Amino acid sequence: MFILKRQDVEISSIQHPKKDQQVPILSYQGQTFRLISVFKASQEEEARALWRELTDNRGKACVLLEEPERFSVWGKIRLEQLDGDTGSHGKTAILIQASILLLQGVSIDIEEFLGARQAALFEKDIAEVFKQKQFPQASSLEAVKYLVSTNPLPTAKIPDWQENHVVILLQELHRLGKGYFGNANFTKQVIYKLEDMPEAERSLFITWLNQSPLGKLWQ
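Residues numbered from 1 in each chain as written. Predicted model: local features only at pLDDT ≥ 70, side-chain atom pairs only at ≥ 80, totals over all residues. Heavy atoms only, no water.

## Considerations on the overall build of the protein
Where we set the bar: Secondary structure elements follow DSSP: runs of H or I no shorter than four residues count as helices, runs of E no shorter than two count as strands, and numbering proceeds from the N terminus. Any pair of residues with heavy atoms lying within 4.5 Å of one another is described as a contacting pair. Here the open area of atoms and residues is found with the Shrake-Rupley method and a 1.4 Å probe, where only the protein chains shown may cover a residue.
From N to C terminus, the protein includes 7 helices and 6 strands. N-terminal to C-terminal, the α/β element order of the protein is β-β-β-β-α-β-β-α-α-α-α-α-α. Long-range pairs, those at least 24 residues apart, make up 67% of the contacts in the protein between residues at least 6 apart in sequence. Accessible area for the protein stands at about 11500 Å²; split by element, carbon and sulfur atoms hold 47% of it.

This is the structure in structure tokens:
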């Protein structure tokens, strides 16, 4: 919607009504925007990609703010919307949440189309991947059963992984899913599982995914 410079806008912060934190707020021509994501000066392409994803593909009113040392993307809100806000999570937490949702989507589809026995075998395969790759807090079958059955959107319920763990999971999840279903068409179905995420966080993950080699697998 807008590409603006620092001198075009007013930036302030307000107290979150339900959390002990300040929320950055951008004001422009009587409209209010909340910070979605910050990028380094060297990440201009990533910032523009997220901004275009939100504006062009999702029809949202957003600001891309250009500053000498950074770029930032802001989404239009009404201040009263903060009352129901889920808070902004760190990028790594968002990637972990999204990858677990995709894991759950594959597991659900395997059980629905191939049966409970195949779903149980799939859980064992995932547990073996986690064990071989030394995933923190996920190296047992019980841990996998927890992941595929528990809502990962509360950050307190996600494992302590890093971005490289997300990459490995999505690579192995695609490989296993292709093996169970016989082709890669399953990705089109399970990607809708991401609709459970808040829109800004889903867009951040999709942008990250499309900019990585994984994007070709999960189209």
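The structure having been displayed, the exposition proceeds.
## Here's the deal with the environment of Pro 213
On the secondary structure map, Pro 213 appears in the segment after helix H7 (199–210). Sequence-wise, Pro 213 and Val 167 are 46 residues apart; in three dimensions their C-alpha atoms are separated by 9.5 Å.

## Structural notes on the packing of aromatic side chains
What counts is decided by this rule: A pair of Phe, Tyr and Trp rings is counted when the ring centres sit within 6.5 Å of each other, with Trp represented by its six-membered ring. The angle between the planes then sorts it: under 30 degrees is stacked, over 60 is edge-to-face, the rest tilted. Three labels apply to residues, based on accessible area from a 1.4 Å probe with only protein chains included: buried if under 20% of the type maximum, exposed if over 50%, partly exposed otherwise in between.
Counted according to the given criterion, the structure contains 9 aromatic pairs. For the pair Phe 2 and Phe 33, a centre-to-centre distance of 6.3 Å together with 85° between the ring planes defines the contact as edge-to-face. Highlighted residues: Phe 2 in strand S1 (residues 2–5) and Phe 33 in strand S4 (residues 31–40), separated in sequence by 31 residues. Overall, the relative accessible area of 0% leaves Phe 33 in the buried class. Put simply, the rings of Phe 2, Tyr 28 and Phe 33 pair up and form one aromatic cluster.

## A closer look at the pattern of salt bridges
Where charged atoms from two side chains of opposite charge approach closely, those side chains can pair. Note the following rule: Take a side-chain nitrogen of Lys or Arg and a carboxyl oxygen of Asp or Glu: if they are within 4 Å of each other, that pair is a salt bridge.
Scanning all chains against the criterion turns up 7 salt bridges. Here Arg 48 makes a salt bridge to Glu 66, at a shortest N to O gap of 2.7 Å. On the criterion of sequence distance, the pair formed by Arg 48 in helix H1 (residues 44–57) and Glu 66 in strand S5 (residues 62–67) is long-range, its members being 18 residues apart. On the basis of relative accessibility, which here comes to 22%, the residue Arg 48 falls in the partly exposed class. Put simply, Lys 145 and Glu 123 hold a salt bridge, and the shortest N to O gap is 2.8 Å. Note that Lys 145 is positioned in helix H4 (residues 141–149) and Glu 123 in helix H3 (residues 116–132), a separation of 22 residues in sequence. Residue Lys 145 is classed as partly exposed on the basis of its relative accessible area, which comes to 40%. Each of Lys 5, Glu 44, Arg 48 and Glu 66 takes part in salt bridges that share partners, so that together they form one network.

## Comments concerning the confidence of the model for the protein
Quick note on the threshold: pLDDT: the predictor's confidence for each residue, scored from 0 to 100.
For the protein, per-residue confidence averages 85 on the pLDDT scale, and 90% of positions sit at 70 or higher. Contacts from residues 83–88, a stretch scored under 50 in pLDDT, to residues over four places away or in other chains number 13 contacts.

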